[in-house]
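Secondary and tertiary structure notes
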Amino acid sequence: EKFEGALGKGKGKKFYAYKVMMTKKWMKFQRDFENFKTACIPWEMKIKEIESHFGSSVASYFIFLRWMYGINMILFGLTFGLVMVPEALMGKPYGSLPRKTVPRAEEASAMNFATLWDFSGFAQYSVLFYGYYNNQRTIGWLKFRMPLSYFLVGVGTIGYSFMIVIRTMARNANEDGGGDDTSFNFSWKMFTSWDYLIGNPETADNKFASITTSFKEAIVEEQESRKEENIHLTRFLRVLANFLALCTLAGSGYLIFFVVRRSQKFALEGLENYGWWERNEVNMVMSLLGMFCPTLFDVISSLENYHPRIALRWQLGRIFALFLGNLYTFIIALMDEINLKLEEEKIVKYNMTIWEASLYNGTIPENSTAPPIQVDPADVPRGPCWETMVGQEFVRLTVSDTMTTYITILIGDFLRAVFVRFFNYCWCWDLEYGFPSYSEFDISGNVLGLIFNQGMIWMGSFYAPCLPAINVFRLHTSMYLQCWAVMCCNVPQERVFKASRSNNFYMAMLLFILFLSTLPAVYTIVSIPPSFDCGPFSGKTRMFEVISETLEHDFPSWFGKVFGYASNPGLILPFILLMVLSIYYLNATSKSYKEANLELKKKLQSVRNKELLNFGFTNY
């Protein structure tokens, strides 16, 4: 009855033909829309091509980079749309206030390239940094609350970052609960890998390379599962490798400490008396350590003879410890610099009192009706503005790290590949298979570089709203430059291995860095008084007082009382305890579910083996 009239001259022929035609068109539309969605995913084809030639481990880095790019686009949208644009359009213009004006002593060099490259001069007195923003409660005809917006955007970016990282980790954990990949692995790969709908020769070449790489990954997994080793020699070599790694970490930490001490000495004597290297010594030493230490750790890890995936995690852990020590040494140096700026601020306040008195011939009239003396904003004395100083340091560190990465790619990968390619014909030995050979893609160094650069963005964006924009530009250019470099200048690793499907190891390190990055920012917001003459919180004892001020002026009195009761430590501590207990309960429940899932898999495998055994006896 369903097909009645479809072929003959029945009553429902036209309607059925129309329904079949619309069903086919709808299926074609769905297929085309899925292809369109795939084509709209940024850099999807590039990443697939890299995965086909270099394996899923290298592709996982570029997928992680693309994910970081999306996060920074959201952060850039928040800071640009709710902080920078309102201040530029509705705030007071440049030159109207001392905080928005280059001092008279710096005007001559304010537009020099060296000054702008150091993010001083006109760049310092712009919407790029904290000190430019005014402390008016409302600005413009929209009565936009700039201090409140600045504070909420700073806190909201951290909260959004926590939420998206944890959500991604949870989704990856759910996706990692698939079936058994080890059953008839090579048979499945042999008979089901090829896509018979491929009609493009270039696509066929990529698919062939992808299948070859997947077989290499499976072979490595199988070899590692059956490998026998001398346990005593392996333990000795691993202890030796860890000792050498600890020595390297201690040496790098001492070097950073020594350089920071020198920079403090230079700051006390006046940086204008020193050259470019002395002014940027800390940033350059940190960038160089981040460039050379991962290579040294890679050499050390060859002693341990771990599975490639486990070796990658050890490598990531060592570089993580290196970068973390360098970063917190840098933060401690910044804290010392902030304390010096606060002491300098007290002297500036006293000097400004004397300067104001000198404008009135030594006396400041009380209850005077005389008009105030007009002084050009460029001639007004001003404080050191430690917040802008912190923002400048993070921007300089980000830019120097970006330049070091690009120079490393061009010299360490491209020029090395050109030398090997063209001098191999006239050299004494085979350069391609001997020294120096083509470089391999450094997964651990690049992943840790991404993570710690993002940590600096989270830490410094409160004092430099331009940092998310700089990082978006950095990630965008890095995607194209590194995709080009890995395809043109690198060779696949000798031991290609399959990356973890969940990719949660990267996310766990990112979450840890996010937590560590929020600590200094929260400490400065809660404990250190803001500068008295710059930034949206000037004139307040602490930055977070903008919340109580908003509740007092813009909300009913009862709402302020409710908020005060809700923020009472007597309510917050039990709530935190309840959340910790809930997390513990959910974690225990999740473990029990995993164990039950494993038991069910074992039972299904046992039933399958019995069925195969019975089938074999029956045929026999």
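Going by an unreviewed UniProt entry, the protein chain carries the name Transmembrane channel-like protein and comes from Anser brachyrhynchus. What UniProt records for the protein chain under Sequence similarities (unreviewed entry) is the sentence "Belongs to the TMC family." According to the UniProt record, the Subcellular location (unreviewed entry) comment for the protein chain is "Membrane".

Okay, the overall build of the protein chain next. Per the secondary structure count, the protein chain includes 18 helices and two strands. Buried residues in the protein chain amount to 40% of all 620 residues. When the accessible surface of the protein chain is split by element, carbon and sulfur atoms take 65% of a total near 36700 Å².

A word on the state of the cysteines. Applying the stated criterion across every chain yields a total of one disulfide. Paired through a disulfide, Cys-385 and Cys-534 show a sulfur-sulfur distance of 2.1 Å. Here the disulfide of Cys-385 and Cys-534 is right-handed, its torsion about the S-S bond being about 100°. Residue Cys-385 is located in the loop between α11 (308–359) and α12 (386–423), and its partner Cys-534 is located in the loop between α15 (504–527) and α16 (545–554); the two are separated by 149 residues in the primary sequence.

All chains considered together, the criterion is met by 15 salt bridges. As a salt-bridge pair, Lys-37 and Glu-34 come within 3.3 Å of each other at their nearest N and O atoms. Separated by three residues within a single helix, Lys-37 and Glu-34 lie in helix α1 (residues 13–40), roughly one turn from each other. Residue class for Glu-34 comes out partly exposed when judged on its relative accessible area of 43%. Here the salt bridges do not stand alone but share partners, grouping Arg-137, Arg-145, Lys-540, Glu-549 and Asp-554 into one network.

Taking the numbering used here, the UniProt-annotated feature "transmembrane region" (unreviewed entry) corresponds to residues 67–89, 110–133, 148–166, 236–260, 315–335, 505–526 and 562–586. Here residues 505–526 runs as 100% helix and 0% strand, with 32 Å between its end C-alpha atoms. Structurally, residues 562–586 is divided into 92% helix and 0% strand, and its ends, taken at the C-alpha atoms, are 31 Å apart.

A general feature of soluble globular proteins is that nonpolar side chains tend to end up buried together. Core analysis: the largest hydrophobic core is formed by 101 residues, its most contacted members being Phe-62, Phe-64, Trp-67, Val-447, Leu-448 and Leu-510. Ranked by the residues each element gives to this core, the list is headed by α11, at 15 residues. Setting aside residues up to four positions removed in sequence, Trp-67 forms contacts with Ile-164, Val-165, Thr-168, Met-507 and Leu-510. Residues Ala-417, Val-420, Tyr-438 and Cys-489 belong to the second largest nonpolar core, which totals five residues.

Taking 1.5 Å per residue as the helical rise, helix α13 (residues 443–460) with its 18 residues ought to reach 26 Å, and the 26 Å between its terminal C-alpha atoms agrees with that figure. Here α13 lies mainly inside the structure; 18 of its 18 residues are buried.

Note that Asn-134 resides in the loop between α4 (113–117) and α5 (146–175). Taking relative accessible area as the criterion, Asn-134 reaches 6% and is therefore assigned buried. At a separation of 3.1 Å, a polar atom in the side chain of Asn-134 contacts the side chain of Gln-136. For Asn-134, the residues in contact, after removing those within four places along its chain, are Glu-87, Lys-92, Leu-97, Arg-99, Lys-100, Met-146, Pro-147, Gly-535 and Pro-536.

Here the phi dihedral of Phe-119 falls at roughly 55°; this positive angle occurs in a residue that is not glycine. Inspection of the secondary structure puts Phe-119 in the loop between α4 and α5. For Cys-385, which is not glycine, the phi dihedral falls at a positive 55°.

Here we come to the packing of aromatic side chains. Using the criterion set out here, one finds 28 aromatic pairs in the structure. An angle of 85° between the planes, with centres 6.4 Å apart, marks the rings of Phe-423 and Trp-427 as edge-to-face. For Trp-427, a relative accessible area of 36% corresponds to the partly exposed category. Of the aromatic side chains, those joined through ring pairs into one cluster are Tyr-130, Tyr-132, Tyr-133, Tyr-150, Phe-151, Trp-386, Phe-462, Tyr-463 and Phe-537. The ring of Tyr-132 has Lys-100 sitting right over it, with the charged end atom 3.8 Å from the ring centre. Across from the ring centre of Phe-422, 5.9 Å away, lies the NZ or CZ of Arg-421, which sits over that ring.

Where helix α3 (residues 56–90) meets α13, the closest approach of the two axes is 10 Å, and the angle between their N-to-C directions is 10°. Here α3 lies roughly parallel to α13, going by the angle between them. Judged by residue contacts, Ser-57, Val-58, Tyr-61, Phe-64, Leu-65, Met-68, Asn-72 and Leu-75 of α3 engage Ile-443, Asn-446, Val-447, Leu-450, Ile-451, Gln-454, Ile-457 and Trp-458 from α13. A per-class count over the contact of α3 with α13 returns twelve nonpolar, four polar and no charged.

On the secondary structure map, Pro-103 appears in the loop between α3 and α4. Once the C-alpha coordinates of Pro-103 and Asp-376 are considered, the two residues, 273 residues apart in sequence, prove to be 9.9 Å apart. For Pro-103, the residues in contact, after removing those within four places along its chain, are Tyr-125, Ala-378 and Arg-382.

Turning next to the environment of Thr-168. Structurally, Thr-168 is set in helix α5. Sequence spacing of Thr-168 and Asn-504 is 336 residues, and the spatial spacing of their C-alpha atoms is 8.5 Å. Contact partners of Thr-168, with chain neighbours within four places excluded, come to Trp-67, Asn-504 and Met-507.

Below, the discussion takes up the confidence of the model for the protein chain. On average, residues of the protein chain carry a pLDDT of 80, and 83% of them reach 70 or more. Averaged pLDDT values over the elements of the protein chain bottom out at 67 in helix α7 (residues 201–226) and peak at 92 in helix α14 (residues 467–488). Low pLDDT (under 50) marks residues 1–6, which in the prediction has six contacts with non-local residues, meaning those over four places away or in another chain.

This part takes up the packing of α3 against α15. Look at α3 against α15: their axes get within 11 Å of each other, and the N-to-C directions meet at 40°. One finds that α3 runs oblique with respect to α15. Along this stretch, α3 crosses α15, giving a crossing that reads as right-handed. Of the residues in α15, those touching α3 at Ser-60, Phe-64, Trp-67 and Met-68 are Tyr-506, Met-507 and Leu-510.

What counts and how
- Residues numbered from 1 in each chain as written.
- Predicted model: local features only at pLDDT ≥ 70, side-chain atom pairs only at ≥ 80, totals over all residues.
- Heavy atoms only, no water.
- UniProt positions renumbered as here; feature names shortened; annotations may be inferred.
- Helix = DSSP H or I, 4+ residues; strand = E, 2+ residues; numbered from the N terminus.
- Buried < 20%, exposed > 50% of the residue type's maximum accessible area, 1.4 Å probe, protein only.
- Areas by Shrake-Rupley, 256 points an atom, 1.4 Å probe, with all protein chains shown as cover.
- Disulfide = S-S within 2.5 Å.
- Salt bridge = Lys/Arg side-chain N within 4 Å of Asp/Glu carboxyl O.
- Core = buried A, V, L, I, M, F, W, Y, C linked by side-chain atoms within 4.5 Å.
- Contact = heavy atoms within 4.5 Å.
- Expected span 1.5 Å × (residues − 1).
- Polar contact = N/O pair within 3.5 Å; in protein donor to acceptor, adjacent residues only side chain to side chain.
- Phe/Tyr/Trp six-rings, centres within 6.5 Å; stacked < 30°, edge-to-face > 60°.
- Lys NZ or Arg CZ within 6 Å of the ring centre and 35° of its normal.
- Axes fitted to C-alpha atoms, helices over the stretch in contact; angles between N-to-C directions.
- Parallel < 35°, antiparallel > 145°, perpendicular 65-115°, else oblique.
- Nonpolar A, V, L, I, M, F, W, Y, C, P; charged D, E, K, R; others polar.
- pLDDT = per-residue confidence, 0-100.
- Left-handed = near helix turned anticlockwise from the far one by under 90°.

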